[in-house]
Amino acid sequence: MNSNRILRTLACALALLISLGLGTARAADEGTVNGTVVDALGGRVSGAAVKLMRDGKAIAETSSDARGEFAFKGLGEGRYQLDVASAGFAARLTDAVFVTAAGRVTTEVRLQIGPLAQELVVTAAATAVPQSQIGSPVTVLDSTTLDALGNSDLLEPLRSVPGVQVVQVGGRGGATSLFVRGGSSNFSKILIDGVPANDIGGAYDLADLATTGIGSVEVLRGSNSVLFGSDALTGVVNLTTTRGRTRTPEATIAIDGGNLKTSHADLGIGGAANRIDYFAGYSNLKTDNRVPNNDYRNGTFVGRIGILAGTTTNLTGTFRRIDTEYGSPNAFELFGIADDSRQTRKSTYAAFAAQSQITSRWQSTLRVAVADQAYNYKNPSPTGQAYDPFGFGANYLGNNMTIRGGNGYSVTGRAILDYGGKYPTNFDSTVTRKLFYGQTDYHVAPAFDIAGGVRVESENGTSNSGTLTKTDRNNYGAFLEARTSLAGRVFVTAGVGSDHNAIFGNAVTPRVSVAAYLRQPTTKDAFGDTKVTFNAGKGIKEPSLFQELSSLYALIPAATASAQGITPVGPERSRGVDVGIEQGLARGRARVRVAYFDNEFSDLIEYVNNSVLPQLGVSVVAANASGYGAYVNSQSNRSKGAELSGEAAIGKVRMTVSYMYLDAIVTKSLSGGALRPATNAAFPGILIGAYSPLVGAQPFRRPANSGSATVAYTEGRAQVAMAAYVFGQSDDSTFLSDANFGNSLLLPNKNLDAAYQKIDIRGSYRFHPRVMGYLAVENAFDQAFDATFGSPALPRTVRAGLKLTLGGDR
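Residues numbered from 1 in each chain as written. Predicted model: local features only at pLDDT ≥ 70, side-chain atom pairs only at ≥ 80, totals over all residues. Heavy atoms only, no water.

This part takes up the overall build of the protein. Check the secondary structure of the protein and you find 10 helices and 44 strands. Against the globule reference of 28 Å for 810 residues, the protein gives a C-alpha radius of gyration of 28 Å, in line with a compact fold. In the protein, buried positions account for 52% of the 810 residues. Summarising the internal contacts of the protein: among those between residues at least 6 apart in sequence, 66% fall at separations of at least 24. As presented, the protein carries roughly 33000 Å² of accessible surface, and 56% of it is formed by carbon and sulfur atoms. Side-chain charges in the protein split into 75 positive and 68 negative, and the spacing between the mean points of these groups amounts to 4 Å. (Helix = DSSP H or I, 4+ residues; strand = E, 2+ residues; numbered from the N terminus. Rg over C-alpha atoms; globule rule 2.2 N^0.38 Å. Buried < 20%, exposed > 50% of the residue type's maximum accessible area, 1.4 Å probe, protein only. Contact = heavy atoms within 4.5 Å. Areas by Shrake-Rupley, 256 points an atom, 1.4 Å probe, with all protein chains shown as cover. Lys, Arg positive; Asp, Glu negative; His and termini not counted. Charge placed at Lys NZ, Arg CZ, Asp CG, Glu CD.)

Of the strand pairs in this sheet, strand 39 (residues 653-668) and strand 40 (residues 705-715) are connected by nine bridges, and their pairing is antiparallel. Of the residues in strand 40, the one forming a bridge with Tyr659 is Gly707. Here strand 40 hands over to strand 41 (residues 718-727) after two residues, with Gly716 in that stretch at a positive phi of 60°. (Pairing = 2+ DSSP bridges.)

Below, the discussion takes up the sheet that holds strand 15 (residues 195-196). On the basis of which strands lie adjacent, the open sheet formed by five strands has the order 11-16-17-14-15 and mixed pairing. The open sheet is flanked by strand 11 (138-142) and strand 15, the only strands paired with a single partner. In the sheet, strand 14 (residues 188-192) pairs with strand 17 (residues 235-241) via five bridges, with the strands oriented parallel. The partner of Leu191 across the bridge, within strand 17, is Asn238.

This part is about the confidence of the model for the protein. Mean pLDDT over the protein stands at 92; residues scoring 70 or higher make up 96%. Here residues 18-29 is modelled with pLDDT under 50, and outside its nearest four sequence neighbours on either side it reaches 27 contacts, counting other chains as well. (pLDDT = per-residue confidence, 0-100.)

On to the pairing of strand 5 (residues 78-85), then. Side chains of strand 5 alternate between two faces, with Gly78, Tyr80, Leu82 and Val84 buried and Arg79, Gln81, Asp83 and Ala85 left unburied. Judged from the three bridges that link them, strand 5 and strand 7 (residues 97-99) form a sheet pairing that is antiparallel. When the bridges of strand 7 are listed, Tyr80 appears paired with Val97. Sheet topology places strand 5 next to strand 6 (residues 92-93); two bridges connect them, and they run antiparallel. Note that in strand 6 the partner of Asp83 across the bridge is Leu93. From the end of strand 5 to the start of strand 6, which pair antiparallel, there are six residues, and Gly88 there has a positive phi angle of about 90°.

Turning next to a nonpolar patch on the surface. A cluster of nonpolar side chains, Ile253, Ile255, Leu267, Tyr282, Phe301, Phe319, Leu804 and Leu806, forms an exposed patch at the surface whose accessible area comes to about 640 Å². Only strand 18 (250-258) and strand 44 (797-807) provide two or more residues apiece to the nonpolar patch. Relative to the helices and strands, Tyr282 is located in strand 20 (residues 276-287). When its relative accessible area of 35% is taken as the criterion, Tyr282 is described as partly exposed. (Patch = residues over 30% accessible without salt bridge, like charges linked within 9 Å, V, L, I, M, F, W, Y side chains within 5 Å. Salt bridge = Lys/Arg side-chain N within 4 Å of Asp/Glu carboxyl O.)

Bringing the packing of aromatic side chains into the picture now. For the structure on display, the rule yields 17 aromatic pairs. Residues Tyr296 and Tyr326 carry aromatic rings whose centres are separated by 6.3 Å and whose planes lie at 75° to one another, so their mutual orientation is edge-to-face. Of this pair, Tyr296 sits in strand 21 (residues 296-309) while Tyr326 is found in strand 22 (residues 313-328), placing the two residues 30 residues apart along the sequence. For the residue pair Tyr296 and Tyr326, the accessibility class agrees, reading buried in each case. Here Tyr756 and Phe785 contribute two aromatic rings whose centre-to-centre distance is 4.2 Å and whose plane-to-plane angle is 5°, an arrangement assigned as stacked. Placement of Tyr756 in strand 42 (residues 756-768) and of Phe785 in the loop between strand 43 (771-778) and strand 44 is noted, with a sequence separation of 29 residues between them. Residue classification places Tyr756 among the buried positions, given a relative accessible area of 5%. The rings of Phe390, Tyr419 and Phe741 are connected pair by pair, giving a single aromatic cluster. (Phe/Tyr/Trp six-rings, centres within 6.5 Å; stacked < 30°, edge-to-face > 60°.)

With that settled, consider the nonpolar core. Ranked by internal contacts, the top residues of the largest apolar core, which has 45 residues, are Leu158 and Val217. Of the residues forming this core, the biggest block, four residues, is contributed by strand 16 (residues 214-221). (Core = buried A, V, L, I, M, F, W, Y, C linked by side-chain atoms within 4.5 Å.)

Time to look at the sheet that holds strand 4 (residues 69-72). What the three strands build is an open sheet, ordered 4-1-8; its pairing is mixed. Taken across any chain shown, the strands that pair with only one partner, and hence form the sheet edges, are strand 4 and strand 8 (104-110). Put simply, the sheet's adjacent strands are angled 20° from each other on average, direction ignored. Where strand 1 (residues 32-38) meets strand 8, seven bridges bridge the pair, whose relative direction is parallel. Within strand 8, the position partnered with Val33 by the bridge is Val105. (Axes fitted to C-alpha atoms, helices over the stretch in contact; angles between N-to-C directions.)

In this section: the pattern of salt bridges. This model, assessed by the stated rule, comprises 42 salt bridges. Of the charged contacts, one joins Arg110 and Glu108 as a salt bridge, the two residues approaching to 2.5 Å between their closest N and O atoms. For Arg110, a relative accessible area of 16% gives the class buried. Given the relative accessible area of 47%, Glu108 is considered partly exposed. Between Glu647 and Arg593 there is a salt bridge, with the nearest N and O atoms lying 2.8 Å from each other. Here the residue Glu647 occupies a position in strand 38 (residues 629-650), and Arg593 occupies one in strand 37 (residues 590-609), the gap between them amounting to 54 residues. The network of salt bridges with shared partners includes Asp153, Glu156, Arg159, Arg172, Lys758, Asp760 and Glu778.

This part takes up the side chain of His264. Mapped onto the elements, His264 comes out in strand 19 (residues 262-273). The buried category is assigned to His264, whose relative accessible area is 11%. Among residues more than four places away in sequence, those in contact with His264 are Ser152, Ala254, Ile255, Asp256, Ser283, Asn284, Leu285 and Arg799.

Structural data, given as structure tokens:
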């Protein structure tokens, strides 16, 4: 089916839905705000005191009736908030809503027991759902948490998410991978205001994501290809841009600097006026990092605007532009000298969304999004000493180095840093993804909701290292989801997604999530609710550009493929199951969770030599036609483990803690490295995976033990926050060839990466309501460690600065 035709049809259909939303003003009473007060599980709360606020002052007051309902009528046009309080619950001040002179706003105010927020989340279901009513493991990092930790890059706060392992190569700007529950780094969907940010094939480097303008980060652990299609095998990370809220525009200016020639500035301005809210921000980070040719520059611009069209249609536009430059020294501790390579990356993410409340039961959402990324890597000249033992042209060696692994093994020698060839060498790649997403949902009954939607995506990618290759894909999919609850104790979300990809064709992914309360939330005693959860689902991931163009189907003649029954490379697949239990404590002030997860990853794409292809049922004729070999779906992995986490808000202290035990192994592989492992004469009897893990071994850089803890304490004008991250030993490789292309510089994979701990501390003090000083210290105890073997992490880094606030409603 032609995706452009689908796009036009859906655009017309959803434009009609929006127009219906715009037209609801005719049926509205004059200036009305009405709503319902409910508890965490959706039960009605009667007798709640409800105040209508405007410009920070109460202008009217009422109480919720026996059905938990309330109403304010005869209101003038403007922005209003609701201040709601009820015995046994934490008071709630809602976000501002705009009411037209002839409009009606209907809202639901959810009260909770204690100060721990049960956030509305958008990655676990088609519509925003409170965490209390879902079984999916979702963590939300709000702006308060991000501000308290005080990091300039997002990768550091993400380390605190349970079940997540973040690994960065070297210092700031180094390639950064996100591993969720043992999955690969390209198994998680990254969304920036709903814009798919992943490269074609799922890869995403977190290094360039600054905290600038981020209002919240939501992390789902578990597959959800039902809602998000390709790439959501083990998780979804959704970033939301800050929204302007103050009637008087508020500007912030933060400037700081520190060691390693680090300077950082962060500017922002936002506000809300009548029907419009707006925010814009810019940050600039410069640092030289620790080793030579490792400087990093990051400029990030963020924008958001929201407009209320009519009375029930909200229009939102978002924009994020990231421009970075990075010196790439290679693994400095393995060569003793820095390579002179450099890389630049320019990324733009933009979206327009329209959400219409057509009736009190029916709403629609339309989103148009585009992601554009351009990457350049340049090695201007060979680095190292020229060495040509065979007379075929020189390669270039690093210094003579003794390399010692975390497992105690060591070798000494000189490795090839740059290979011979023509210099300078360049590699360029571009990716453009355009998305059309439409969804409609309907509240059928008090305990039953349904939602359905479609997505159409155009993907264009190029790669050029001397020869230009490209791909153009038009993909589309649809989903159907239902949510229901039973007796206010059991909450079920179930859905199925169907996707058509231009490469692999059709794939269907189901998902179900259940939350059951053995004990409901209560205000009567300290021992709170007990929730049991269950989740099961499947996910898919499309092949990358390189995998597509080097697949067996692409390499052999079309006639041979047809005659031999060779089909295009298929999707990578996941099957995930988890069960857990959550316990509320101390009247909503604390919560602990434990979960067991079991993931299987199958049909993973890997390069297989032509002599091995027949083991997959490929004919000898087709195998020989591939040349040396091809990418095929032949690998599988498994990861299972336990995840423990807790959080508490007691008085002036807020804290989180998490721990994950991970048992991950490669269960099948037909790659050359797996079938013919490398050996090093220095370690007789030990098989080594030179470039990938062996069958039965752990995937690289995913430790069996990892954890985190954060604590924030506020006293008057002062605040102190600490974050501690712990990583156990993990498998890895040196990835080295010696001067004669031998294996003498390979170390055993097992526990090659040593365990390490990292502690960050931040303190701030408000000298004036509009002036704050702050000090941020990362790796406070100056531990020397390599998160990836051979690339030293930063030593203790210190930044000190001031933040000035102008304007705002103060």
